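Here is what each chain is made of, one letter per residue.
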Amino acid sequence: MAYSHDNGFALLLRDGEVIIGGGHNEELGIGQTFTMERYTPQTHAFMGFGCLDQRRALTNAIQLGNGQVIISGNHYASDAIACYDGSSQVQHVKDVCQGRSNPYILPIAVDNAVIVGANDLKDCCPDTMWADCVKGAPFRVPLLEKWHLVYTDQPFTSSICSIGDEEKGDYAYLLTATDGNGQLGIVEMRDTSFLLLPTVCPIPMKTPFGQVYYKGPVVVDKERQRGYVIGVDSLYRRQFVLAIDYAQQPADLTLYYTDPLERSAVTIPILTPDGDLILAGGISNDNYHPHAAVWCYHLATPQMAALHGDGPTIPIWLWVLVAAFALAALWLIIHYIIRCRKGQAEDIDGGSTQTDGQSSQHPIPTEEELLQRICELLEERQLYLGSRLKATDVAMELGVSVSRITDCLTSQRGITFTQLLGEYRVRHAQQLLSAQPDIKLMAVISESGFTSESTFFRTFKAVTGFSPKEWLAANAGETLSSPD
C-alpha cells in the first residue's frame, strides 16, 4: 500500500474500488494518521490521494445511498463526523456528543445515519447510550442503559447486520448487546428505535464445555432470514456459532459448536452465496499471536433446510425405516453399556484402580508432576493472559478434577489458583514495564490479563511488595522469576 494503516478502515465502494484511511502512526497501537488511499482491483494498484479531516485510528466508514461516505470514530483523540464525497479531501460535518472507538454507523435514510458505540475513545464504556445523527440532534437510547452494545475491534459495514430493504426505505439492523450479568441479547434497531429481540429462550451462555464468550456483530443471511454470532470458549479451543431465526416471533435459536481445535481465533465471518460462513485469520486472547487458519462452517446444507421446513417432504416409509434403525442402535448401545459396566466391575475386583477418571494405563501424576504440568500449560500457551481463565478450564485441559488442581497448589506452593495466575500476570506486567517504561498503565493492565485497575495494584503489591512505579524505579528492568 502507499501508507501503513494499522487499525485503519477499508470500505468497498459501489464502483468496485476501495478507500483506505487512518490508523496508528507507531507500533503497538500508538497515535493516529490522516493518510488516505484508493485501491483499484482492475490494476491491483494503491494510490494515495488525500487526507482525512483529522488524524484518526480505530475508525469506521459506510457509504450512504446518495454516494457520500460517512466517517466517524477515533482512538485516544478527538472524534467527529466527517464526509467524503469523492474529492481529494474529507470534510468535517459536525462534532459528536460522545467520542467512540470503532462505532456502529447505521444508515436510516439515503442521506442520514445513526452512530452508536460500545466503547468510548479510551476503550472504556462509561456512558455509551447516546446516539449521534449525521443530520439531526443526538438522542439518548433508553434500552442501552441496561444493554451495552458489544464492542467490535474490527471495522465493519452496516450491511452485514442489516435485516431491512434499503431500496424500499426499510432500514433495520440486528446488534449484539450484553446486560450487567454478561447475558447476551440481540437488539433490533429500526430508524431511531432500539428494541430487544424476543427469543424462545435466553441465549445460552454456558454449555457442557464451559462458558461461551460471544464476539462481534450479527452477520445476517437475508435470503434465509438468519443471523449468526461467533463465540469461543475461555481457552480459545472450541468455536461456537449462534444462529438466530429472526423472522420468527419469538426468534428460534440454534447453537453450533466445533470439536476442540489446536488453535482458534475469532474474527468477523464472511457469508458465502451458499449461506455458509468463512472465518479467516484473527487473534486469540492477545494481540501478538495472529492466526493463519481459514475455517468454513457449513450451515446451509439440504439436511438443515429440511429440519427448518424448507426441504422436500419426507415419505412415511422413510420415517419408519429411520425409527427401526434408531431402535436397533439403542438396543446395541444399552448392551454395550451393560458389558462395559461388567468389565469395569471385573477390573476393580481384579485389583485395577480408577481415580480421577484415569485408568491404570494412564498413571495418576504425582503432586510434583501435576504442578509441572499446570505451569507448562500456563506458560507454553500464555493462558494466564486470558482474563476469564478459571481452574476448571485448566482441569479440563489436563484431564483431572478441579479439587486436584487446588489441592496440588496448596500442598506444593501454599497458594490458590487465583494467586498463581496473579504471579504470572504480574511477571508479564513487569516485562512490559521494563521493556516500555512509557507504556500506558491501562495497556499494561489489559495486556497482562487483569480485569480492573484495583485488582492489578493489589496483586502487584502482594507479589512484589512494591507499587508498579516503585518497582520500576527500584529494579530497573529486573523481572519476577518463573512461578514454579
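Residues numbered from 1 in each chain as written. Predicted model: local features only at pLDDT ≥ 70, side-chain atom pairs only at ≥ 80, totals over all residues. Heavy atoms only, no water.

### Focus: helix α6 (residues 417-435)
- With 19 residues, α6 extends 27 Å from end C-alpha to end C-alpha; this agrees with the ideal 27 Å at 1.5 Å per step.
- For α6, the tally of buried residues reaches 14 of 19 residues, placing the bulk of the element in the interior. (Helix = DSSP H or I, 4+ residues; strand = E, 2+ residues; numbered from the N terminus. Expected span 1.5 Å × (residues − 1). Buried < 20%, exposed > 50% of the residue type's maximum accessible area, 1.4 Å probe, protein only.)

### A few points about the sheet that holds strand β3 (residues 33-40)
- Taken in spatial order, the 4 strands line up as β1-β2-β3-β4 in an open sheet, and their pairing is antiparallel. The open sheet is flanked by β1 (9-12) and β4 (45-56), the only strands paired with a single partner. Strand-to-strand twist in this sheet, taken as the mean axis angle between neighbours without regard to direction, amounts to 20°.
- In the sheet, β1 pairs with strand β2 (residues 18-21) via 4 bridges, with the strands oriented antiparallel. Following the sheet pairing, Phe 9 is matched in β2 by Gly 21. (Pairing = 2+ DSSP bridges. Axes fitted to C-alpha atoms, helices over the stretch in contact; angles between N-to-C directions.)

### Things to note about the environment of Tyr 297
- With respect to the element layout, Tyr 297 can be found in strand β25 (residues 294-297).
- Distance from Tyr 297 to Tyr 257, taken between C-alpha atoms, is 9.8 Å for residues 40 residues apart in sequence.
- Sequence-distant contacts of Tyr 297, defined by excluding residues within four places in its chain, comprise Gln 239, Val 241, Thr 258, Asp 276, Leu 277 and Leu 279. (Contact = heavy atoms within 4.5 Å.)

### Focus on unusual backbone geometry
- The omega torsion across Gln 249 and Pro 250 is -5°, close enough to zero to call that bond cis.
- Looking at the element boundaries, Pro 250 is found in the loop between β21 (239-245) and β22 (252-257).
- Phi angles above zero are rare outside glycine, and Asn 7 is one such case at about 65°.
- Owing to a relative accessible area of 30%, Asn 7 belongs among the partly exposed residues under this scheme.
- Phi at Gln 225 takes a positive value of approximately 55°, unusual for a residue other than glycine.
- Secondary-structure assignment places Gln 225 in the loop between β19 (213-221) and β20 (226-232).

### A look at the packing of aromatic side chains
- Summed over all chains, the structure comprises 8 aromatic pairs.
- For the pair Phe 460 and Trp 471, a centre-to-centre distance of 6.2 Å together with 80° between the ring planes defines the contact as edge-to-face. In this pair, Phe 460 sits in helix α8 (residues 453-464) while Trp 471 sits in helix α9 (residues 468-475), placing the two residues 11 residues apart along the sequence. Side by side, Phe 460 and Trp 471 carry an identical accessibility label, which is buried.
- Here the aromatic cluster, defined as three or more aromatic residues joined through ring pairs, consists of Phe 450, Phe 456, Phe 457, Phe 460 and Trp 471.
- The ring of Phe 209 carries Arg 238 above its face, with NZ or CZ at 3.7 Å from the centroid. (Phe/Tyr/Trp six-rings, centres within 6.5 Å; stacked < 30°, edge-to-face > 60°. Lys NZ or Arg CZ within 6 Å of the ring centre and 35° of its normal.)

### Things to note about the pattern of salt bridges
- In the structure shown here, the tally under the stated rule is 16 salt bridges.
- For Arg 190, the salt bridge identified is with Glu 188, shortest N-O distance 2.7 Å.
- One continuous salt-bridge network, built from bridges that share partners, spans Asp 53, Arg 56 and Asp 79. (Salt bridge = Lys/Arg side-chain N within 4 Å of Asp/Glu carboxyl O.)

### As for the sheet that holds strand β6 (residues 69-72)
- Within the open sheet, the 4 strands sit side by side as β5-β6-β7-β8. Their pairing is antiparallel. Only two strands of the sheet have a single neighbouring strand rather than two, namely β5 (60-63) and β8 (91-95). Strand-to-strand twist of the sheet, defined as the mean angle between neighbouring strand axes without regard to direction, takes the value 25°.
- When strand β7 (residues 80-84) meets β8, the two strands line up antiparallel, connected through 4 bridges.

### A word on the nonpolar core
- Residues Leu 106, Val 114, Val 116, Leu 149, Leu 175, Phe 194 and Leu 277 are the most contacted members of the largest nonpolar core, which totals 38 residues.
- Setting aside residues up to four positions removed in sequence, Val 114 forms contacts with Tyr 104, Ile 105, Leu 106, Ile 108, Ala 131, Asp 132, Cys 133, Phe 139, Met 189, Asp 191, Thr 192 and Phe 194.
- Counting residues in hydrophobic clusters, the runner-up holds 24 residues, among them Leu 235, Leu 378, Tyr 384 and Phe 417. (Core = buried A, V, L, I, M, F, W, Y, C linked by side-chain atoms within 4.5 Å.)

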